[in-house]
Amino acid sequence: METELLTPDEAGLQKAAELIREGQVVGMPTETVYGLAADATNRDAVAKVFVAKGRPMDNPLIVHISSMEELEQAVSRVPELVASLADAFWPGPLTMIMPKSERIPMETSGGLDTVGVRMPSHPVAQALIRTAGVPIAAPSANRSGYPSPTTAQHVLADMQGRIPAILDGGACSCGLESTVVTFDDDRTVRILRPGFVTKEMLLEHVPNVVIDPAIFRQVSASEKVASPGMKYKHYAPNAAVTLVEGSPELFRQFLALQQADGVYALIFDGDAEQFPYPHMTYGGTSIEQGRQLFARLRELDQIGAKTVYVRMPQKDGVGLAVYNRLIRAAGFDIVHLAPRI
Ligand code: TXA
Ligand code: MG
């Protein structure tokens, strides 16, 4: 099949909504990353999403809604803390896991009796959900394991010939996937995937927030984890990525020793002037890094990078999300540089 790029005007939205209602899969822009959208209540449609992505069937999809009424149809119980968090962060980059309703099939939830729900803020995503008239299941629109797409061109590169259409909503403003949370009890939120909604932001609305320790380590395929996505290879370009922690000076000295064909550095904007080796930059602040990281990893593959040494980002605030994606992109290959004494 040919994959059509649709302009998100009235005609484009109608066409995309019709495809969704027919049980097809459509590329959809959101404020975080592009998603592969299908009718969340239609098992056959959802199965096509797993096939298009090459995704393991036990890794659940997030259900996207455009109103609080739709939430009540998708879940069987709304945990205590959801109302205040929805009030503060929806529409926006926060996914909350709740017990699923009968309406959401096991195909969508990866066999779990819970479902992750998110109300996206991107106007095209909202319009598509409303026009289709069904809740929309959407994982990130990359081939499984590859960096998430933040432009329609990225989706096309991964999904050409595999889906009928992509709505082109421009570049995503966040650039990293949503923060995923679950509820330990009526007071405690557990972060399963860090994102633009940070622990500090959540703490302004709930009494207690814990960060799941599995976020920071390698999880084996047979392990039981709160979020199946933690088990799988993620966000990795074709080039081998190594994350390097150390001052700009030590990083430069280290790169001097690595020089060979296809070796690139991915550094901060501010470091570039003094940097004599092949490199790209991924912003200065954590927010810029979040927005640019996946696009840069894809560009590095395009220019033929074989090995990429990435300067370690800040790990606080939104930086935690950037760090989380990078340790997985690097397959936990991390070098810590210390000055010689
Ligand atoms: O920003 C986003 O969340 C994007 C856009 C398209 O909305 N979507 C996205 O979906 O990143 P995906 O499928 O690539 O990542 C969803 C993550 C996976 O790691 C999955 O394991 C976890 O959320 N997840 C989904 N439902 C879950 C559930 N019921 N219980 C535990 N983890 C869940
Ligand atoms: Mg994904």
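Use the structure listed above.
For the structure given in this document, a descriptive report is provided here. Treat the numbers as computed from the prediction; the structure is a model and nothing was measured.

### Some thoughts on the pairing of strand β3 (residues 35-39)
On any regular strand, side chains alternate: one points to one face of the sheet, the next to the other face. Of all the five residues making up β3, five are buried; the element is thus mostly covered by neighbouring parts of the structure. Pairing analysis gives three bridges linking strand β2 (residues 26-28) to β3, with the strands arranged antiparallel. By the bridge assignment for β3, valine 26 is matched with alanine 37. Remark: six residues form the turn of the hairpin made by β2 and β3, two consecutive strands paired antiparallel. Two strands pair when backbone bridges link them, and β3 and strand β7 (residues 136-137) are joined in this way by two bridges, in the antiparallel orientation. From the neighbouring strand, aspartate 39 faces β7, where its bridge partner is isoleucine 136.

### Thoughts on the packing of helix α9 (residues 286-302) against helix α10 (residues 319-329)
Taken N-terminus to C-terminus, the directions of α9 and α10 make an angle of 25°; their axes are 8 Å apart at the nearest point. Compared by their axis directions, α9 and α10 come out roughly parallel. Like other packed secondary-structure pairs, α9 and α10 cross with a definite hand, here left-handed. Together, Ser286, Gln289, Gly290, Leu293, Phe294 and Leu297 of α9 and Gly319, Val322, Arg325, Leu326 and Ala329 of α10 make up the contact between the two elements.

### A word on the packing of helix α1 (residues 10-21) against helix α5 (residues 123-132)
Each pair of packed helices gets described by two things: the angle between the helix axes and the distance between those axes. Remark: α1 packs on α5, axes separated minimally by 9 Å, with the N-to-C direction vectors making an angle of 55°. With respect to α5, the axis of α1 lies oblique. Handedness of the α1/α5 crossing: right-handed. Here Leu13, Gln14, Ala16, Ala17, Ile20 and Arg21 of α1 lie close against α5, whose contacting residues are Val124, Ala127, Leu128, Thr131 and Ala132. Looking at side-chain class alone, the contact of α1 with α5 contains eight nonpolar, two polar and one charged residues.

### Details of the layout of surface pockets
In this structure, the largest pocket encloses a volume near 790 Å³. The wall of the largest pocket is formed by 50 residues, among which Arg55, Pro60, Ile62, Val180 and Arg193 lie closest to the centre. Elements that contribute at least two residues to the lining of the largest pocket include exactly β4 (62-64), β5 (94-99), β6 (114-118), β9 (179-183), β10 (188-193) and α10. Looking at which element gives the most residues to the lining of the largest pocket, the answer is β6, with four residues. Contributing to the lining of the second largest pocket are Leu250, Gln253, Phe254, Leu257, Leu337, Ala338, Pro339 and Arg340. Residue classes in the lining of the second largest pocket are distributed as six nonpolar, one polar and one charged.

### Quick notes on the sheet that holds β4
A sheet is described by the order of its strands in space; here eleven strands give the open sequence β1-β8-β2-β3-β7-β4-β6-β5-β9-β10-β11, paired in mixed fashion. Two strands close off the open sheet at either side, each with one partner strand: β1 (4-6) and β11 (208-211). Note that β9 and β10 share four bridges and pair antiparallel. Opposite valine 180, over in β10, you have arginine 193 as the bridge partner. Here helix α2 (residues 43-53) sits on the sheet in contact with β3 and β7, set at roughly 160° to β3. Taken strand by strand, helix α4 (residues 82-89) contacts β5, β9 and β10, and its axis lies near 160° from that of β5.

### Digging into the sheet that holds strand β12 (residues 240-245)
Taken in spatial order, the five strands of this open sheet run β14-β13-β15-β12-β16, and their pairing is parallel. Either end of the sheet is taken by a strand with one partner, and the two such strands are β14 (279-281) and β16 (334-336). Direction aside, the axes of adjacent strands within the sheet are offset by 25° on average. Where β12 meets strand β15 (residues 307-311), five bridges bridge the pair, whose relative direction is parallel. Opposite threonine 242, over in β15, you have tyrosine 309 as the bridge partner. Of the strands in this sheet, β12, β15 and β16 are in contact with α10, which crosses β12 at around 130°.

Here is what the cut-offs are and how they apply
- Residues numbered from 1 in each chain as written.
- Chains lettered and ligands numbered in written order.
- Predicted model: local features only at pLDDT ≥ 70, side-chain atom pairs only at ≥ 80, totals over all residues.
- Heavy atoms only, no water.
- Buried < 20%, exposed > 50% of the residue type's maximum accessible area, 1.4 Å probe, protein only.
- Helix = DSSP H or I, 4+ residues; strand = E, 2+ residues; numbered from the N terminus.
- Pairing = 2+ DSSP bridges.
- Axes fitted to C-alpha atoms, helices over the stretch in contact; angles between N-to-C directions.
- Parallel < 35°, antiparallel > 145°, perpendicular 65-115°, else oblique.
- Left-handed = near helix turned anticlockwise from the far one by under 90°.
- Contact = heavy atoms within 4.5 Å.
- Nonpolar A, V, L, I, M, F, W, Y, C, P; charged D, E, K, R; others polar.
- 1 Å grid on protein atoms, 1.4 Å probe; cavity = no way out; pocket = protein on both sides within 12 Å on 5 of 7 lines; lining within 4 Å.
- Points joined across faces, edges and corners; volume = space filled by probe spheres on them.

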